[in-house]
Structure formats: structure tokens, C-alpha cells
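# Structural description and commentary
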Amino acid sequence: MARNIPEAPALPLNTIMPGDSADAMDSLPECSVDLIFADPPYNLQLRGNLHRPDNSRVDAVDDHWDQFESLKAYDAFTRRWMRAARRVLKPDGAIWVIGSYHNIFRVGAALQDQGFWLLNDVVWRKTNPMPNFRGKRLTNAHETMIWASKSESSRYTFNYEAMKAANEGVQMRSDWTFPICTGHERLKNERGEKAHPTQKPEALLHRLLVATTNPGDVVLDPFFGTGTTGAVATMLGRNFIGIEREAEYRELAAQRIARVRSLDPAALEVTTSKRAEPRVAFGQLVERGMLRPGEELLSGNGRHSARIRADGTLAGDGFKGSIHQVGAAMEGAPSCNGWTYWHYRREGKAVSIDTLRQQIRAELATSQIN
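Below: a short report on this structure.

Definitions and cut-offs
Residues numbered from 1 in each chain as written. Predicted model: local features only at pLDDT ≥ 70, side-chain atom pairs only at ≥ 80, totals over all residues. Heavy atoms only, no water. Salt bridge = Lys/Arg side-chain N within 4 Å of Asp/Glu carboxyl O. Helix = DSSP H or I, 4+ residues; strand = E, 2+ residues; numbered from the N terminus. Buried < 20%, exposed > 50% of the residue type's maximum accessible area, 1.4 Å probe, protein only. Pairing = 2+ DSSP bridges. Axes fitted to C-alpha atoms, helices over the stretch in contact; angles between N-to-C directions. Contact = heavy atoms within 4.5 Å. Right-handed = clockwise from strand over helix to strand, strands pointing away. Parallel < 35°, antiparallel > 145°, perpendicular 65-115°, else oblique. Left-handed = near helix turned anticlockwise from the far one by under 90°. Arc of directions from axis to C-beta. Phe/Tyr/Trp six-rings, centres within 6.5 Å; stacked < 30°, edge-to-face > 60°. Lys NZ or Arg CZ within 6 Å of the ring centre and 35° of its normal.

## Examining the pattern of salt bridges
All chains considered together, the criterion is met by 13 salt bridges. The shortest N-O distance in the salt bridge between Lys-126 and Glu-143 comes to 2.8 Å. In this pair, Lys-126 is assigned in strand β4 (residues 117-126) and Glu-143 in strand β5 (residues 142-149), connecting sequence segments 17 residues apart. Residue Glu-202 pairs with Arg-256 through a salt bridge whose shortest N-O separation is 3.0 Å. Taken as a pair, Glu-202 in helix α5 (residues 202-212) and Arg-256 in helix α7 (residues 247-258) lie far apart in primary sequence, 54 residues in all. The partly exposed category is assigned to Glu-202, whose relative accessible area is 27%. Of the residues examined, Arg-256 reaches a relative accessible area of 5% and is grouped as buried. One salt-bridge network, in which partners are shared between bridges, spans Asp-20, Asp-23 and Arg-80.

In C-alpha cells form, the structure reads like this:
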């Protein structure tokens, strides 16, 4: 007699779940989300009100959700939500956690204790930080984000070439400069006050999601607040799951996200790494008749030539081997990119053999879409 195996619960995509973050994550299927962005309470431990030099009161973070009776209580809270987060993360998933000097070091230790593998700590340097009104410390002008994969062996997403392109062709660094959330982006409540004391700028989430997710991925934010993660994920064609226990924040977030429209699919494409492209062997060009056995290839500098053999290897100047091996031997170099080194002749012009490889890659990409 067949047993009735209960179906796994469906993911509540693009919704905001009410309640405690750990409890809500425990209700989700195991290994079901691609990325987690966590902006947990910082446990700022404020003592009394803050005032400006003109004696006006500073609207600081003194909400009940940021208050813990002790560091021990905060650590227990951190371990609990982090265990739940790790359970729902896919094997090749990753997590970002943001914090300040009050909590980020404790959070980092907890991540390692849970088995996460630290990839980077990223400093968000604020161009317009709040001054230190008491004048007893340095202006706190940055926050720290920790990026970690689920395990050391995780094949996490990192769109390296896209980040390089966004940084004018220079490798993206681990210090990011953005202003804090102000102006039209800052949400206000019915009383005209800022709706959330620690609302994050959309620019920060935009870079983070483009760097470490792909369209269609599921992004979980267990401390959703007013929905910055959901708004940016929706715009970028990602799915989100938000968890927020405060009803006022949930309502504001839902209204905010309802106004967002996803970008056109073509606009969501980003620069990909060469390593991510389909592998094409030189022998495939010969098999398909794009190049013929016996045909001569010329080096880009015009100093060397070699003949194509039926098995996709080359022979010339006493050397035999792959397009890379023969090119390196002829140049007396330790290595050579044969795809850019060798050229064939068509209508009297030298054409890189890499153009033929790109034709095959384009065909493969089209077949995957169809």
C-alpha cells in the first residue's frame, strides 16, 4: 500500500510574512532560498536621549525591537535566527548581514560558529553620516556587511564581470560609498515622521543583488522593515520573501512594493564571466566544417603558422598539440590563449578563430532559451 507523502510547503514568493523571523523561517521548506539579506537589530544600547547643540532631540534608534536585556540575550537571539536562516538556504546559497560596531563582531563569530564560510566584509562608507553630538567619540561614518556562503564548498553566485563593468572596468573593492537614505526615498508615516529609523538606501541593495543573485532567484529578508529588499528585488526581476513582525512596517512595505515595476528582461542582463560561458573545444569547429583539416592558421603577429589536423590539433615548426600548446611553444611563452592568438584567412583578411567560437556559443544560448 502506497504511503501518502505530504507535499513540501510552497514558497510564499513575493509576500511579507508576519511574526518572529526564526519562527517564520522554520515554516519554510529546507534549502529553498538562494540569498539572504539580514538587517537584524543592532542592539545599540542607548542610554538616555540624544540632543543636538541647539538642544533639539535626535530621532535615534530607541524602538523596542532594538532593545535586549543583555549581550547574552542578544547572542541567543542571533544564534536562533541564524540557525533558521542556514536551514532554508540552498547548498550553494549565501547570506549578507549588515551591522554596526555594536553588533557586527558578535554576528561574525556567530556566522562562523554556525558553519558559514566568510567571503568578504564590506564597509558601507556613508557620505552624509549623522554627527557625534556628544563629542566624545569619532563620527560613526560606516556600517559593515559580512558576505558568507553556506559552506566552504558552496558554489555561490558572484557576478564579478558585472561588478567590474559597474566600476568603469576596475575590480570592485570592498568599500562602498553611498549616502544614507534621505529625500524622496525616505518613507514617512501618517504623522510625517520617518517611518523606520534604519531604512537602507536602495542603491546599496541594488549593488548587492546585482553582484550576488541572478534574475528569478529567491531573496529572503528576515528583518524586512519597510521593504527596501523587496522593492529592489522586484525591480531587478528577483523573487523576495519578507518577514516582519511590526504591522505598521508591513503595511508601508506592501504599499511601497506595489508601486514598483520590474525592469524589461533585456535590461536585467548583466556582463557575465568568460568562465560562465559554454565551453567550446577547437575540435568542434573542425567537426562542423567551420575550419578544415589542412587549413593554415596564422599567428596574430604574423610570425608563425600552423596546419589544422583532423583531430583538432595543430602542427607547425616542429610542434604538435592544442591551439594553446603550439602557440605557447612558438612564442617560447609559458602559456598562450590560442583563441585570440590564431587567425584564419577569409577573402584576403585575417579573422580571429574566436569569432567562430562565439557563433557556436550564441547557438547554444539560443537553444537553452527555446
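After that view of the structure, there is still more to cover.
## Concerning the environment of Pro-131
Relative to the assigned elements, Pro-131 resides in the loop between β4 and β5. Expressed as a C-alpha distance, the spacing of Pro-131 and Ala-141, which sit 10 residues apart in the sequence, is 8.4 Å.

## A closer look at the sheet that holds strand β13 (residues 342-346)
Taken together, the six strands give an open sheet; going across it, the order is β12-β11-β10-β9-β13-β14, and neighbouring strands pair in antiparallel fashion. With one partner strand each, in any of the chains shown, β12 (319-321) and β14 (349-352) form the two edges of the open sheet. Each strand of the sheet is rotated relative to its neighbour by a mean of 35°, with strand direction disregarded. Note: β13 against β14, four bridges, orientation antiparallel. Note on β14: the bridge partner recorded for Arg-345 is Ala-350. Helix-sheet contacts for helix α9 (residues 323-331) involve β10 (305-308), β11 (314-316), β12 and β13, and the interaxial angle to β12 is about 155°.

## Focus: the pairing of strand β7 (residues 218-221)
Of the two faces of β7, the one carrying Val-218 and Leu-220 and the one carrying Val-219 and Asp-221 are both buried. Where strand β2 (residues 33-38) and β7 come together, two bridges link them in parallel fashion. By the bridge assignment, Leu-35 is partnered in β7 with Val-219. Pairing geometry for β7 and strand β8 (residues 239-244), over four bridges, is parallel. The partner of Leu-220 across the bridge, within β8, is Ile-241. For the crossover that starts at β7, traverses helix α6 (residues 228-235) and ends in the parallel β8, the hand is right-handed.

## Comments concerning the packing of α5 against α6
Between α5 and α6, the shortest axis-to-axis distance is 9 Å and the interhelical angle comes to 55°. The orientation of α5 relative to α6 falls into the category oblique. As α5 runs across α6, the sense of the crossing is right-handed. On the side of α5, the interface is formed by Glu-202, Leu-205, His-206 and Leu-209, while α6 contributes Thr-228, Thr-229, Ala-231, Val-232, Ala-233 and Met-235.

## Here's the deal with the sheet that holds β2
If you walk across this open sheet you meet the eight strands as β1-β8-β7-β2-β3-β5-β4-β6, and the pairing is mixed. Looking along the sheet, the strands with just one partner apiece sit at the ends: β1 (15-18) and β6 (175-178). Ignoring strand direction, the axes of neighbouring strands in this sheet form an average angle of 20°. Of the pairings in the sheet, the one linking β4 to β6 comprises four bridges and is parallel in character. The residue of β6 that forms the bridge with Trp-124 is Trp-176. Contacts from α5 reach β2, β3 (89-99), β4, β5, β6 and β7, with the element oriented near 140° to β6.

## A few points about the environment of Val-270
Relative to the helices and strands, Val-270 resides in the loop between α7 and α8 (282-287). Along the sequence, Val-270 and Val-210 sit 60 residues apart, while their C-alpha atoms lie 8.0 Å from each other. Beyond its immediate sequence surroundings of up to four residues, Val-270 is in contact with Asn-159, Ala-162 and Val-210.

## Side note on helix α3 (residues 104-114)
Listed as buried for α3 are Ile-104, Val-107, Gly-108, Ala-110, Leu-111 and Gln-114. Down the axis of α3, the sector holding all buried residues measures 165°, keeping them to one side. Turned more than 90 degrees from where α3 packs its buried face, Phe-105, Gln-112 and Asp-113 sit exposed. Taken together, the buried residues of α3 touch α2 (71-88), β3, β4 and β5. Gly-115 sits one or two positions beyond α3 and adopts a positive phi of about 105°.

## Some remarks on the packing of aromatic side chains
If you walk through the whole model with that rule in mind, you get 11 aromatic pairs. Ring geometry for Phe-282 and Trp-339: centres 6.1 Å apart, planes at 65°, overall edge-to-face. Of this pair, Phe-282 sits in helix α8 while Trp-339 sits in helix α10 (residues 338-341), and the two are 57 residues apart along the sequence. The residues Phe-282 and Trp-339 share a single accessibility class, namely buried. Here Tyr-341 and Trp-342 contribute two aromatic rings whose centre-to-centre distance is 4.8 Å and whose plane-to-plane angle is 90°, an arrangement assigned as edge-to-face. Residues Tyr-341 and Trp-342 agree in their burial class; the two are buried. Among the aromatic residues, those joined into a ring-pair cluster are Trp-96, Trp-147, Tyr-156, Phe-158, Tyr-160 and Trp-176. Taking the ring centre of Phe-116 as reference, the NZ or CZ of Arg-86 above it sits at 5.5 Å.

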